[in-house]
Amino acid sequence: MRLADPALAAMLERQVQAGFAALPAKDPFEQDMRRRISRQLLQGEPGLRHLAAELNSSGRTLRRHLSQHGWSYRALLDDIRKHLAQDYLRDPRLALPEVALLLGYSEQSAFNRAFLRWFNLTPRHWRLRNAGIFSPSALRALRKTTKLSFRIGGPPRRREPMLSQWTCGV
């Protein structure tokens, strides 16, 4: 995904760089990989081959270097997306589908599944809890005055799939 708005692209790039500056100091190779992958995320989902070509090496060589530093490409991409998701969700101007696209997910449902894996919360619930939009007491009051139904203090309830008595083989 290429960003048509240069001002938005610049703002997001600054936000990404500020997020990486706040992380504890790591080895220079890892910092460089994080910067390159996050920059490629703004242009669409990065791939190992694209990153290797940018570094003038092969995919196999890049995998070996990442392995020597204790990372795989997928694990590093997942970790970068996790940290960027938190930064993007703190910005109330970004809608959830926009956050999913900025992180390189083709659909919001894929982003929701990854976010549940990382934090055991949906992005919406995380945003309500951590972005300072509502305090827990404000959420309780809102729930009393409206017909919204969501739980405070835990992950959303998951519905178990119903098994039909007509299933075969069991």
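Residues numbered from 1 in each chain as written. Predicted model: local features only at pLDDT ≥ 70, side-chain atom pairs only at ≥ 80, totals over all residues. Heavy atoms only, no water.

## Points about the overall build of the protein
Alright, step 1. Assigned secondary structure in the protein consists of 9 helices and 0 strands.
Alright, step 2. Moving toward the C terminus, one meets the helices and strands of the protein in the order α-α-α-α-α-α-α-α-α.
Alright, step 3. When the 170 residues of the protein are sorted by exposure, 34% land in the buried category.
Alright, step 4. Long-range pairs, those at least 24 residues apart, make up 55% of the contacts in the protein between residues at least 6 apart in sequence.
Alright, step 5. Accessible surface, the protein: about 11,000 Å² in total, of which carbon and sulfur atoms supply 54%. (Helix = DSSP H or I, 4+ residues; strand = E, 2+ residues; numbered from the N terminus. Buried < 20%, exposed > 50% of the residue type's maximum accessible area, 1.4 Å probe, protein only. Contact = heavy atoms within 4.5 Å. Areas by Shrake-Rupley, 256 points an atom, 1.4 Å probe, with all protein chains shown as cover.)

## Quick notes on unusual backbone geometry
Alright, step 1. Residue Asn 56 is not a glycine yet carries a positive backbone phi of 60 degrees.
Alright, step 2. As for its placement among the helices and strands, Asn 56 is situated in the loop between α3 (48-54) and α4 (59-68).
Alright, step 3. With a phi angle near 60 degrees, Asn 120 is a residue other than glycine that sits in the positive phi range.
Alright, step 4. Tracing the backbone shows Asn 120 in the loop between α7 (108-119) and α8 (123-130).

## Quick notes on the packing of helix α2 (residues 28-43) against helix α5 (residues 73-89)
Alright, step 1. Taken N-terminus to C-terminus, the directions of α2 and α5 make an angle of 65 degrees; their axes are 10 Å apart at the nearest point. Relative to α5, α2 is oriented roughly perpendicular. In this structure, α2 crosses over α5, and the sense of that crossing is right-handed. Residues Met 33, Arg 34, Ile 37, Ser 38, Leu 41 and Leu 42 of α2 form the contact with α5, whose own contacting residues are Tyr 73, Leu 76, Leu 77, Asp 79, Ile 80, Arg 81, Leu 84 and Tyr 88.
Alright, step 2. Tallied by class, the residues present in the contact of α2 with α5 amount to 10 nonpolar, 1 polar and 3 charged. (Axes fitted to C-alpha atoms, helices over the stretch in contact; angles between N-to-C directions. Parallel < 35°, antiparallel > 145°, perpendicular 65-115°, else oblique. Left-handed = near helix turned anticlockwise from the far one by under 90°. Nonpolar A, V, L, I, M, F, W, Y, C, P; charged D, E, K, R; others polar.)

## Digging into the environment of Asn 112
Alright, step 1. On the secondary structure map, Asn 112 appears in helix α7.
Alright, step 2. Under the relative-accessibility criterion, Asn 112 is labelled partly exposed at 24%.
Alright, step 3. Once the C-alpha coordinates of Asn 112 and Leu 96 are considered, the two residues, 16 residues apart in sequence, prove to be 9.3 Å apart.

## Focus on the nonpolar core
Alright, step 1. Tyr 88, Leu 103, Tyr 105 and Phe 111 are the most contacted members of the largest nonpolar core, which has 31 residues in total.
Alright, step 2. Breaking this core down by element, the ones donating at least two residues are α2, α3, α4, α5, α6 (96-102) and α7.
Alright, step 3. It is α5 that provides the largest number of residues to this core, a total of 8 residues. (Core = buried A, V, L, I, M, F, W, Y, C linked by side-chain atoms within 4.5 Å.)

## Topic: α7
Alright, step 1. The terminal C-alpha atoms of α7 lie 16 Å apart, and with 12 residues this matches the ideal 16 Å at 1.5 Å per residue to within 8%.
Alright, step 2. In this fold, the buried residues of α7 make contact with α5, α6 and α8.
Alright, step 3. Asn 120 occupies a position one or two residues after α7 and carries a positive phi of about 60 degrees. (Expected span 1.5 Å × (residues − 1).)

## Overview of the pattern of salt bridges
Alright, step 1. In this structure the tally under the stated criterion is 7 salt bridges.
Alright, step 2. Here Arg 90 and Asp 87 are joined by a salt bridge, their closest N and O atoms 3.5 Å apart.
Alright, step 3. A network of salt bridges, in which partner residues are shared, links Glu 30, Arg 34 and Asp 79. (Salt bridge = Lys/Arg side-chain N within 4 Å of Asp/Glu carboxyl O.)

## Things to note about the confidence of the model for the protein
Alright, step 1. Scored by pLDDT, the protein has a mean of 77; 61% of the residues are at 70 or more.
Alright, step 2. The secondary structure element of the protein with the lowest average pLDDT is helix α9 (residues 136-145), at 57, and the one with the highest is α7, at 95.
Alright, step 3. This model gives residues 160-170 a pLDDT under 50, and the stretch forms 0 contacts once residues within four places in sequence are excluded. (pLDDT = per-residue confidence, 0-100.)

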